[in-house]
Amino acid sequence: MHDHPHPHNEPDDPQNTAEAACDTEDASCSSCSFDPADLRVQKSQSEVEADIDAPVITRLAVEGVDCPDEAALIHQKLDKLAGIKKVDVNVLTGRVTIGHETSVEVATLISLINQTGLKARIFKQRGPGGSDEEGFSAQKKRIISVAISSIFCGIGLVIEWMSLAGNSVTIPIFVVAIIAGGWFIYPKALASLRRLQADMNLLMTVAVVGAAFVGEWSESAVVVLLFSISELLESYSISRARRAIQSLLDLSPKMALVQNGQGDFDEVPVENITLDSILSIKSGARVPLDGKVVEGKSYINQAPITGESMPVSKKIGDTVFAGTINGDGSLLVKVTKAYANTMLSRMIYLIEEAQAQKAPSQKFVDRFAKYYTPAVMAVALLVFVIPPLLTGQAWDLWFYRSLVLLVIACPCALVIATPVSIVSGLTMLARRGVLVKGGVSLENIAHLRALAMDKTGTITEGKPAVQEIIALNGSDEKEILRIAAAIDTHSDHPIARAIIEHADEKKIDYPRSEDFKTMQGRGAQASIDGHLYFVGNHRYAHELGVCSDEIESILSGIEKQGLSVVVVGHQTHDDCPGEVIGILSVGDKIRDNAAAAIQAIHQAGISTIVMLSGDNQRTADAVAKQVGIDQARGDLLPEDKIDAIRELLKSDTYVGMIGDGVNDAPAMAIATVGISMGAAGTDAAIEASDITLMQDNLEKVAETIQLGRRTLGIIRFNIAFALGIKAIFLLLAILGTASLWMAILADTGATLLVIVNALRLLRHREVPPS
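Here is what the cut-offs are and how they apply
Residues numbered from 1 in each chain as written. Predicted model: local features only at pLDDT ≥ 70, side-chain atom pairs only at ≥ 80, totals over all residues. Heavy atoms only, no water. Axes fitted to C-alpha atoms, helices over the stretch in contact; angles between N-to-C directions. Helix = DSSP H or I, 4+ residues; strand = E, 2+ residues; numbered from the N terminus. Parallel < 35°, antiparallel > 145°, perpendicular 65-115°, else oblique. Contact = heavy atoms within 4.5 Å. Nonpolar A, V, L, I, M, F, W, Y, C, P; charged D, E, K, R; others polar. Buried < 20%, exposed > 50% of the residue type's maximum accessible area, 1.4 Å probe, protein only. Pairing = 2+ DSSP bridges. Salt bridge = Lys/Arg side-chain N within 4 Å of Asp/Glu carboxyl O. Arc of directions from axis to C-beta. Left-handed = near helix turned anticlockwise from the far one by under 90°. Expected span 1.5 Å × (residues − 1). Core = buried A, V, L, I, M, F, W, Y, C linked by side-chain atoms within 4.5 Å. pLDDT = per-residue confidence, 0-100.

Engineer: Quick question: what am I supposed to make of the packing of helix 13 (residues 395-408) against helix 26 (residues 699-735) here?
Structural biologist: Relative placement of two packed helices is described by the angle separating their axes and the distance separating the axes. Running from amino to carboxyl end, helix 13 crosses helix 26 at an angle of 175°, the nearest separation of the two axes being 9 Å. The orientation of helix 13 relative to helix 26 falls into the category roughly antiparallel. Residues Trp398, Arg401, Val404, Leu405, Val407 and Ile408 of helix 13 touch helix 26, and the partners they reach there are Lys726, Phe729, Leu730, Ala733, Ile734 and Leu735. The class makeup of the residues in the contact of helix 13 with helix 26 is ten nonpolar, no polar and two charged.

Engineer: What should I look at first to understand the pairing of strand 4 (residues 95-100) in this one?
Structural biologist: Moving residue by residue along a regular strand, the side chains alternate between the two faces of the sheet. Where burial is concerned, most of strand 4 is hidden: six out of the six residues are buried. Inspection of the sheet shows strand 3 (residues 84-90) paired to strand 4 by six bridges, in the antiparallel sense. Bridge pairing links Lys86 to Gly99 in strand 4.

Engineer: Just to check I follow, could you spell out the sheet that holds strand 12 (residues 319-320) for this structure?
Structural biologist: By definition, the strands of a sheet pair up through backbone hydrogen bonds, in either a parallel or an antiparallel sense. The strand order across the open sheet built from six strands is 7-6-8-14-9-12, with neighbouring strands paired in antiparallel fashion. Where the open sheet ends on each side, the last strands, each with one partner, are strand 7 (265-269) and strand 12. Pairing analysis gives two bridges linking strand 9 (residues 291-295) to strand 12, with the strands arranged antiparallel. Counted as the bridge partner of Gly291 is Val320 from strand 12.

Engineer: What am I meant to see in the pattern of salt bridges here?
Structural biologist: Side chains carrying opposite charge are able to pair once their charged atoms draw close together. Scanning the model with the defined rule gives twelve salt bridges in all. One salt bridge connects Lys315 with Asp318, and the closest N-O pair in it is separated by 3.7 Å. We classify Lys315 as partly exposed; its relative accessible area is 46%. For the salt bridge of Asp529 with Arg482, the shortest nitrogen-to-oxygen distance reads 3.2 Å. Taken together, the residues span a long stretch of sequence, with Asp529 in the loop between strand 19 (523-528) and strand 20 (531-536) and Arg482 in helix 17 (residues 477-488) at a distance of 47 residues. Taking the relative accessible area as the measure of exposure, Arg482 reaches 18% and is therefore buried. Three or more residues are tied together by salt bridges with common partners; here these are Glu479, Arg482 and Asp529.

Engineer: How do you make sense of unusual backbone geometry when you look at a structure like this?
Structural biologist: In most cases, non-glycine residues show a negative phi, while peptide bonds are predominantly trans. Here the phi dihedral of Asn473 falls at roughly 55°; this positive angle occurs in a residue that is not glycine. Within the fold, Asn473 resides in the loop between strand 17 (465-471) and helix 17. For Asn473, a relative accessible area of 54% translates into the label exposed. Positioned with a positive phi, Asp635 is a non-glycine residue whose angle comes to about 60°. Residue position: Asp635 is located in the loop between strand 24 (631-633) and helix 23 (638-651).

Engineer: Just checking my understanding: could you explain helix 21 (residues 594-603) for this structure?
Structural biologist: Turn by turn, an α-helix covers 3.6 residues, leaving residues three or four places apart pointing in a common direction. Here helix 21 has its buried residues at Ala594, Ala597, Ile598, Ala600 and Ile601. Take helix 21 and look down its axis: the buried residues cluster within an arc of 160°, on one side only.

Engineer: Can you walk me through the packing of helix 20 (residues 549-560) against helix 22 (residues 617-627) in this structure?
Structural biologist: Here helix 20 crosses helix 22 at 20°, and the two axes come no closer than 8 Å. In terms of orientation, helix 20 and helix 22 fall into the roughly parallel class. Read as a crossing pair, helix 20 and helix 22 show a hand that is right-handed. Residues Glu552, Ser556, Glu559 and Lys560 of helix 20 lie in contact with helix 22, whose contacting residues are Arg618, Thr619 and Ala622. Taken together, the residues of the contact of helix 20 with helix 22 break down into one nonpolar, two polar and four charged.

Engineer: What should I look at first to understand helix 26 in this one?
Structural biologist: Helix length check: helix 26, at 37 residues, gives a terminal C-alpha distance of 55 Å against a target of 54 Å (1.5 Å per residue), a fit within 8%. In the stretch just after helix 26, Gly736 is the one whose phi turns positive, near 85°.

Engineer: In this structure, what is going on with the nonpolar core? I would like to understand it.
Structural biologist: One recurring pattern in soluble globular proteins is that nonpolar side chains are buried together. Grouped together as the largest cluster of nonpolar side chains are 43 residues, with contacts concentrated most on Leu451, Met453, Ile459, Ile598, Ile601, Ile629 and Leu698. Per element, the largest residue contribution to this core is seven residues, and it comes from helix 26. Not counting residues up to four positions away in its chain, the partners in contact with Leu698 are Met453, Thr458, Ile459, Asn593, Ala597, Ile598, Ile601, Ile658 and Met677. Core analysis: the second largest hydrophobic core is formed by 39 residues, Val146, Ala380, Tyr400 and Ala738 among them.

Engineer: For this particular structure, what's the right way to read the confidence of the model for the protein?
Structural biologist: As a general rule, the predicted coordinates of low-pLDDT regions are not to be interpreted in detail. Mean pLDDT over the protein stands at 76; residues scoring 70 or higher make up 78%. Contacts of residues 1-50 to residues separated by more than four positions or lying in other chains number 99 contacts, the stretch itself having pLDDT below 50. Here residues 126-136 is a poorly scored stretch, pLDDT under 50, and it has 21 contacts once near neighbours within four places are set aside; other chains count.

Laid out in structure tokens, this is it:
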């Protein structure tokens, strides 16, 4: 569930001419001055252990991949090739990633893809702000094709409608319109025919040729024109979705000021900057790479990465992220992440990879389309053959109606409905500091009805502080604090750190304890000055048998205030009796927006919210009551949290778990959707969860749920709308009331409407305050 490949550093292309050299129709590479093998990307160790298990990975950019049909063509060409391990086609990035043996030549891969009517080239990673010139060129060619077809089709229709000339004039005009409009369609249709597997290009080509065959030249020209317009607009819409992803790269500058050996600063492209380089970040400038501040102090606007509305103070030792904006101060930053591994690049990588994971609704559509098109083609054949045989009606009449059915058989609106919606939702959430790992997670969160969450660091700020020290059995506060700090020097638990900080503030001199042993979910014990001491929670005190009525009363009073208790005592060993020498009350401040966030989550449709805590039940109940949580479960060990999630899954199919990403990873793995908070700069947290909130803002959960529900709603509407249009025109075609141009207009209109509807997600409104 959480096994995702890492982005990797690709070496620079050995020659800048590589792309141009291979960007030919036959892709033979015979005239290249370089060895194509040099362009293969040798896999990093993380990739070898990840999804594509192959010695070589080749990445190709493919022009014309705007629909799942084209992706299927690529798979059919490459999957059966000897030495191919895996082929991943990403429609919304126009990229094909191929894992293969060293014996497979790059030129062979390019040539096979080009045989489908598409155009492949070596993929070259572009820097921030880089333009996709090849994509623009392809769009320009499509526009020219459509423009020529439109002009000649328009001229032909005017002449025909006004009876200005006969067929000897109009037919050549319509032929030009048909050739120009189908310039990018016919090669794909021919490739489909060679494979004996129909796709929408072949269906349209048959319809166009068939209409011309029965003398309907004007309809033939209109059909190919409308279909080419549909293809152009679909390509534009896909390009817009791609640009929405790539626009995130524009957040980072292309150049950075890097300190040289003489102490001066040179302007260097960000992709050429190495780790540990020192960067100068001027006031008002964008941070080019992730790093740590080594000099200066300033406020950084982190909204592009985390979605935080207020600038964050940065001083020496603090982390800054590429794409964030420096305030009034000037900073020197030491680079900690190369360009390909910055948080910004990682966000883009995750979005691109995530949208390639098919959501449940998309899998349904793919299965449906697989049987729908052949079924309609069979019906079209029956419509052509059966009625004339039974009724004696003209063959050309029913041939025409069967052509209309072929046009209706194109499932384009259906198959494009889900992926465009998914990538729009993923991109919008990324802009708001929420990373979602794929359409599956986005759809799952739309179904959520129950949500579990950790207390510390989620409901509370995760920064506990000692509130009070109660001395017992003749001890004093300094001695209690000395013992507790000596034991906690071995622990990095938030409460342990709070005790040590308090001891340091009080200038208590404490030794480092020996024979330290942690008692998971309870506390710890260690030897100090030859005696065995312990620190622990209420539960541990009971297990050790050191709780008295007086101590029980003190603990109860502290817990009713929503505070955590730390019992400090002398543990029974040899001839020494065990006793409690003191109690510390430790408080973790509840987040200011926690109550509002919980209310917003309820309003977003979550009926049950459960807080899971290792703290005692009284403290858990007190915190839950303050913020409006439905249920609180305290005294939980890590394995108990897993059991709690499993229990929730018995009553609710979809259960989410919010935690800090690492400590709660087992519980998040069991949940339908794992959500980690405050994960900016924490790779482990991103890997451990399905959804990552880049800042500590619980209100983002409600917004994510709302956008997930909206995305799912748009997908369902698009699918229903596309199916409805198909059903209506299937009936009209059989009844003979639908013409070819009406059918293609309906198909084109449905495709455009579902795309426009999906792209509305890019303009998702802010969640109104509760």
